[in-house]
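For reference, the chains in residue letters:
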Amino acid sequence: MSPANTGINDFVIKIANVNGTGSASANTLLMKAIFRMGIPVVGKNFFPSNIQGLPTWYEIRVSHKGYLCRSGSVDLMVAVNAETYSQDLQEVEPGGYLIYDSTWPRDRQLSREDIQVLGIPLSAMCNERFDNARARILMKNVAYVGALAALLEIDLDVIRALLQETYRDKQNLIAANLEAIDIGYSYAREHFDCPLPMRLEPMDETRDHIMIDGNTAAGLGCVYAGATVGAWYPITPSTSLMDAFKNFCERLRIDPETGDRNYCIIQAEDELAAIGMVMGASWNGARAFTPTSGPGISLMNEFIGFGYFTEIPAVLFNVQRVGPSTGLPTRTQQGDLLSCAYASHGDTRHVLLFPADPRECFELAVAAFDLADRLQTPVIFVTDLDIGMNDWMVPDLEWDDSYQPDRGKVFTAEQLEEMDVFHRYADPDGDGIGYRTFPGDHPKGSYFLRGSGHTAAATYSEKSPDYVELVDRLARKFETAKQLVPAPVIDQRKGVGRAIVSLGSCDGAIREARDILAAQGIETSYCRVRAFPFNAQVEAFLEEHDQVFVVEQNRDAQLKQMLVMETRVSKDRLRSILSYDGMPVDSRFIVDAITEALEEEAAA
Amino acid sequence: MSFMRKPDVVHSRAPKNDLGLTRRDYEGGMSTLCAGCGHDAITAAIIESFWSLNVEPHRVVKMSGIGCSSKTPAYFLSDAHGINSVHGRMPSIAAGANAANRDLHYIGVSGDGDSLSIGYGQLAHALRRNLNMLYIIENNGVYGLTKGQFSASADLGTKAKKGDINEQPPIDPVIACIAMGGTFVARGFSGDKAQLVPLIQAGLKHKGFALIDVLSPCVTFNDHEDSTKSYAHTRQFYHPAIHADFIAPAEPIRAAYEKGEAMEVELFDGSFIRLRKVREGYDPTDRSKALTYLNEYMAKGEIITGLMYWEKSTPDLHSIARTSETPLSKLDYGRLSPGAGKLAKIQERYR
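Residues numbered from 1 in each chain as written. Chains lettered and ligands numbered in written order. Predicted model: local features only at pLDDT ≥ 70, side-chain atom pairs only at ≥ 80, totals over all residues.

A. View of the overall build of chain A. In terms of regular secondary structure, chain A is built from 19 helices and 21 strands. In summary, chain A has a C-alpha radius of gyration of 27 Å against a globular reference of 25 Å for 604 residues, a match within 12%. Dimensions of chain A along its principal axes, counting C-alpha atoms only, are 90 × 70 × 40 Å. Looking at the 604 residues of chain A, the share that counts as buried comes to 55%. (Helix = DSSP H or I, 4+ residues; strand = E, 2+ residues; numbered from the N terminus. Rg over C-alpha atoms; globule rule 2.2 N^0.38 Å. Buried ≥ 20, exposed ≤ 12 C-beta atoms within 10 Å, placed from the backbone.)

Here you go:
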């Protein structure tokens, strides 16, 4: 028997369940209770592409230090899915715990001496207490939350309050849930030494923080950015972004007097239509967006090139999942960096934003609309399933009421009235960006927008000099973009030549990995890029470090490829650390990879 | 598409509409289509319709996809805002544009390739949303820009210029659109401007998706003997079934002046369409009867034209979405942002 885990507020609970059984609400209840005890916590949902009956896992990391990534280990497993039991058992760290439903006997082969196994007859107790078949299944999950409350010392008042809030309008559900909590709680108290050495202690580290997923935050960002038209085709894992936008609009954008809606959401027939609608609406003066995922981006390619070439602002949210093809639709990856950066045929390059957590999803969603309008081009907000669909603990979202949307260069009717002639694609300011007009505003503002070759005056042209002038100006505009995109987040250590460059959802794991490495005497600087094109700060950071680990979640080192192509960095300074199994990268993986690389180097 | 400016000379006695504009003000660039192309006659009918309806040109959005037909928006209303999009995807552009600003007039010009092959899905869904727009298909049964392949509307047994015989049944956009739930479905012929202009006027006034399939012979690739989309063949076999007269709201409503049954239907802005039955047994307000009739005559190789189906009870995109009367693109940001106070309140749910 290994020594028992005695971590207080520092462990990982994993719940192995069957999807479609109501496990999500039980798990959320558990996580929120910990959050309300003031203890930093993060939840990761590993779910199947299925409605009911397949294995699903939920991982809750409790971290008094506030690490928001996976640690790479499991300390307490709640194994209530017989189908995956043997696998779940193997995953527990020595000294850890496993809870299982002892209603049914376990296979004798399946045991471990180095962990503590706690059997609780969850099904038997729930079957006895509840009559209804559905309630028996649902309440079994709530019952293990009750058992955990006893074992880990979760404040029961917090659980009661959460249930009251969640089921405010369904009193009978509150009673049933409380009963189920009590079943698990009492059983654990009677049969085990409660609490376990590994347990929770109230803290005060979650004040001024919220638990929110990135899709909800991004949807809220679209509301605050003033987006009025949303067009989409449902696709995992982006669907909840439009759901969030719709829900917020129903609460915040309906005129209380007339019932008029100050927004329009169109569920398109496919992604080709969704992006077409965004182009049409944006061209016509609205702020419009579409949420999608990798397969949708593939379908949207032609229109993305159209938007680039005709200079229509548009905002696309790519909540990445595992590709290629259908891939693993419910797992996470950063595999669409190249396909977004260079989407569509011909010479194209697109502005990309890389949020690292839900708070940045909110902020950068607003920035995406400003950038799209300012640069008059499609902007792709590249997030992923881990950020989009998991609940993250982040500092409160903030809003400055003095914000006004940057609609970029637009001539008003009054300005047009004073003008002799309007040339849509002229470059009067030398930054590659012309002035646009909104249809219907003024006769002098009209022009014919076309995806074929055109002149500065927006007339058709197949002449080589006109074409070259046009695409050179678009390249100039991309240079302008470098000045406007969000700066990287840099933590530079003096005199340290070793660095990590990464993006997006790798951030949490890198933060913890750097602390672990530093404790081992390995100092690193860190640059998290937040946008493409890479700006001068990224360029300088790369120049100042002679060994750069590029951490990303795809097989082909797409960020590294882009750095090699788009900056002056020498290729042999960059070394990839790649995690692409579909699970959010954990800190242990990064620590091991860097340690191994340094050992290799030392041996060479 | 090519674009050539026309000389700025207007006859001093050219008639003016209520806005003081001449037909010339509704023209566009010089057409670069083949001489005699049916599409140019449709362009002329569009110009006539907008001029006579007194529509301000800059309040019009003209849209298209790819193909000869899709070039034509460059040839009318040069003061209108135009968008020539990607192949088969004009309906989605129209949906987005329309969602953003409900106050403008939307006209899309497409072809049989653009609408019935690559864009068939988008056509169906624009119709299903009952998007408030006029959608014209310039139908010649052939791919012109790629030099003469059959399109999905090519009739069975018709012969291509290079000699191939088409052995696949055609998609008839009128039958298809009536079957799919269209609210205004018409067929015209580029060679019959007297019939086409009122159809376009009525289509522009229809609150919802108005589809006009206009037979428009391709003089270069599909106007030969043994082609069923030639001028000669169309003239021989086409039969007006329902004649539509458009009556502007200001005009006195006259009694039916033709023999036979006549019906007047009021449009949302007080204007009227007067439907005159030219053929016995055709009822443009009965979806299933209309389909039966059209299928019957299609089998006989006859081309039935006119306003084939019409109803005004189906709500359009904005009625269904209950969007504000003020176009979304014109709403002040102050009405769109909930502000910092609301944000703090919203976040209470996430603790």
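B. Quick look at the overall build of chain B. Of the regular secondary structure elements, chain B holds 12 helices and 12 strands. For 351 residues, the compact-globule estimate of 2.2 N^0.38 gives 20 Å, and chain B sits close to it at 21 Å. Each of the three principal axes of chain B carries a C-alpha extent, and together these read 75 × 50 × 50 Å. Considering chain B as a whole, with its 351 residues, one finds that 53% of them fall into the buried category. For chain B, the proportion of contacts with a sequence separation of at least 24, taken over those separated by at least 6, is 71%. (Contact = placed C-beta atoms within 7 Å.)

C. How the structure looks around unusual backbone geometry. All names here are of chain A. Residue Pro324 follows Gly323 across a cis peptide bond; omega there is -5°. In this structure, Pro324 sits in the loop between strand S11 (314-320) and helix H11 (337-341). Look at the link from Phe532 to Pro533: it is a cis peptide, with omega at 5°. With respect to the helices, strands and loops of the structure, Pro533 is situated in the loop between strand S19 (531-532) and helix H17 (536-543).

D. Expanded view of the packing of helix H16 (residues 507-519) of chain A against helix H19 (residues 587-603) of chain A. Residue and element names in this part refer to chain A. H19 packs onto H16 with a crossing angle of 50° between their chain directions and a minimal axis gap of 8 Å. By the criterion of interaxial angle, the relationship of H16 to H19 is oblique. With respect to the hand of their crossing, H16 and H19 are arranged in right-handed fashion. Of the residues in H19, those touching H16 at Ala509, Ile510, Glu512, Ala513, Ile516 and Leu517 are Ser587, Ile590, Val591 and Ile594. Here the contact of H16 with H19 is composed, by residue class, of 8 nonpolar, 1 polar and 1 charged. (Axes fitted to C-alpha atoms, helices over the stretch in contact; angles between N-to-C directions. Parallel < 35°, antiparallel > 145°, perpendicular 65-115°, else oblique. Left-handed = near helix turned anticlockwise from the far one by under 90°. Nonpolar A, V, L, I, M, F, W, Y, C, P; charged D, E, K, R; others polar.)

E. Spatial organisation of the sheet that holds S19 of chain A. All names here are of chain A. Within the open sheet, the 7 strands sit side by side as S9-S8-S10-S11-S13-S12-S19. Their pairing is mixed. Strands at the two margins of the open sheet, each flanked by one partner only, are strand S9 (264-267) and S19. Strand direction decides the pairing type here: strand S12 (residues 351-353) and S19, joined by 2 bridges, are antiparallel. Its bridge partner being in S19, Leu353 is matched across the sheet by Ala531. In the packing of helix H9 (residues 271-283) onto the sheet, contacts are made with strand S8 (229-232), S9, strand S10 (288-292) and S11, and the angle to S10 comes to roughly 160°. Across the face of the sheet, helix H10 (residues 294-310) comes into contact with S10, S11 and strand S13 (378-384) while running at roughly 160° to S11. (Pairing = 2+ DSSP bridges.)

F. Spatial organisation of the confidence of the model for chain B. Residues and elements named next belong to chain B. Residues of chain B with pLDDT of at least 70 account for 90%, and the chain-wide mean is 89. When the criterion is pLDDT under 50, residues 252-260 qualifies, and its contacts beyond four places in sequence or with other chains add up to 7 contacts. Overall fold confidence (pTM) sits at 0.96, and the ipTM for the predicted complex is 0.95. (pLDDT = per-residue confidence, 0-100.)

G. Representation of the pairing of strand S7 (residues 184-189) of chain B within the structure. Residues and elements named next belong to chain B. Counting buried positions along S7 yields 6 of 6 residues, so the element is predominantly enclosed. Of the two faces of S7, the one carrying Phe184, Ala186 and Gly188 and the one carrying Val185, Arg187 and Phe189 are both buried. Examined bridge by bridge, S7 and strand S12 (residues 303-310) share 4 bridges and lie antiparallel to one another. Among the inter-strand pairings, Phe184 is bridged to a residue of S12, identified as Trp310. The pairing of S7 with strand S8 (residues 209-215) spans 6 bridges and is classified as parallel. Bridge pairing links Arg187 to Asp213 in S8.

H. Representation of the nonpolar core. If you look at the biggest cluster of nonpolar residues, it comprises 265 residues, and the most contacted ones within it are Ile34, Ala368 and Phe381 of chain A together with Met308 of chain B. At 12 residues, helix H4 (residues 133-152) of chain A tops the list of elements feeding residues into this core. For Met308 of chain B, the contacting residues outside a window of four places in its chain are Val174, Ile178, Val185, Ala186, Arg187, Ile242, Pro284, Ala290 and Leu294 of chain B. (Core = buried A, V, L, I, M, F, W, Y, C linked by C-beta atoms within 7 Å.)

I. Main features of the sheet that holds strand S6 (residues 116-120) of chain A. Residue and element names in this part refer to chain A. Pairing is mixed across the open sheet formed by 6 strands, whose spatial order is S2-S3-S1-S4-S5-S6. The sheet terminates laterally at strand S2 (41-46) and S6, the two strands that pair on one side only. On average, each strand axis in the sheet is inclined to that of its neighbour by 15°, with strand direction left out of account. In terms of strand pairing, strand S1 (residues 10-18) meets strand S4 (residues 74-79) through 4 bridges, oriented parallel. Directly across from Ala16, in S4, lies its bridge partner Ala79. Its contacts with the sheet place helix H1 (residues 23-36) against S1, S2 and strand S3 (55-63), and it is angled at close to 0° to S3.

J. Structural detail: H19 of chain A. Residue and element names in this part refer to chain A. Taking 1.5 Å per residue, 17 residues should reach 24 Å; H19 reaches 24 Å between its end C-alpha atoms and fits that length. Among all positions of H19, only Ser587, Phe589, Ile590, Val591 and Ile594 are buried. Considering only its buried residues, H19 is in contact with H16, strand S20 (547-552) and strand S21 (574-578). (Expected span 1.5 Å × (residues − 1).)

K. Examining the environment of Trp399 of chain A more closely. Note on placement: Trp399 of chain A falls in the loop between strand S14 (391-395) and helix H14 (413-418). Classification of Trp399 of chain A by C-beta neighbours within 10 Å gives partly exposed; the count is 19. In this structure, the C-alpha to C-alpha distance between Trp399 of chain A and Tyr580 of chain A, residues 181 residues apart in sequence, is 35 Å. For Trp399 of chain A, the contacting residues outside a window of four places in its chain are Tyr224 of chain A together with Gly339, Ala340 and Leu343 of chain B.

L. Quick look at the environment of Phe549 of chain A. All names here are of chain A. Mapped onto the fold, Phe549 is located in strand S20. Each C-alpha atom of the pair Phe549 and Ala593 lies 9.6 Å from the other, and the pair is 44 residues apart in sequence. Beyond its immediate sequence surroundings of up to four residues, Phe549 is in contact with Ile500, Arg575, Ile577 and Ile594.

M. Expanded view of the interface of chain A and chain B. With 53 residues of chain A in contact, the opposing surface of chain B contributes 51 residues. At the level of elements, strand S7 (209-213), helix H7 (214-224), S8, S9, H9, H10 and strand S15 (448-450) of chain A are the ones that each hand at least two residues to the side of chain A that touches chain B. It is H9 of chain A that provides the largest number of residues to the side of chain A that touches chain B, a total of 9 residues. Taken together, the residues that form the side of chain A that touches chain B break down as 31 nonpolar, 14 polar and 8 charged.

N. Local environment of the pairing of S1 of chain A. Residue and element names in this part refer to chain A. Here S1 lies mainly inside the structure; 7 of its 9 residues are buried. Judged from the 9 bridges that link them, S1 and S3 form a sheet pairing that is antiparallel. Paired with Phe11 across the bridge in S3 is Val62.

O. Spatial organisation of the environment of His423 of chain A. Residues and elements named next belong to chain A. Locating His423 in the fold gives a position in the loop between H14 and S15. With 16 C-beta atoms packed within 10 Å, His423 lands in the partly exposed category. Each C-alpha atom, one on His423 and one on Cys527, is 41 Å from the other, the two residues being 104 residues apart in sequence. Once residues lying within four places of it in the same chain are set aside, the contact partners of His423 are Ala456 and Ala457.

P. Quick look at the packing of H7 of chain A against helix H12 (residues 358-375) of chain A. All names here are of chain A. With their axes 7 Å apart at the nearest point, H7 and H12 run at an angle of 25° to one another. With respect to H12, the element H7 is oriented roughly parallel. Classified by chirality, the crossing of H12 by H7 is right-handed. Of the residues in H12, those in contact with Gly214, Ala217, Ala218, Leu220, Gly221, Cys222 and Tyr224 of H7 are Pro358, Arg359, Cys361, Phe362, Ala365 and Val366. Of the residues in the contact of H7 with H12, the class split is 10 nonpolar, 2 polar and 1 charged.

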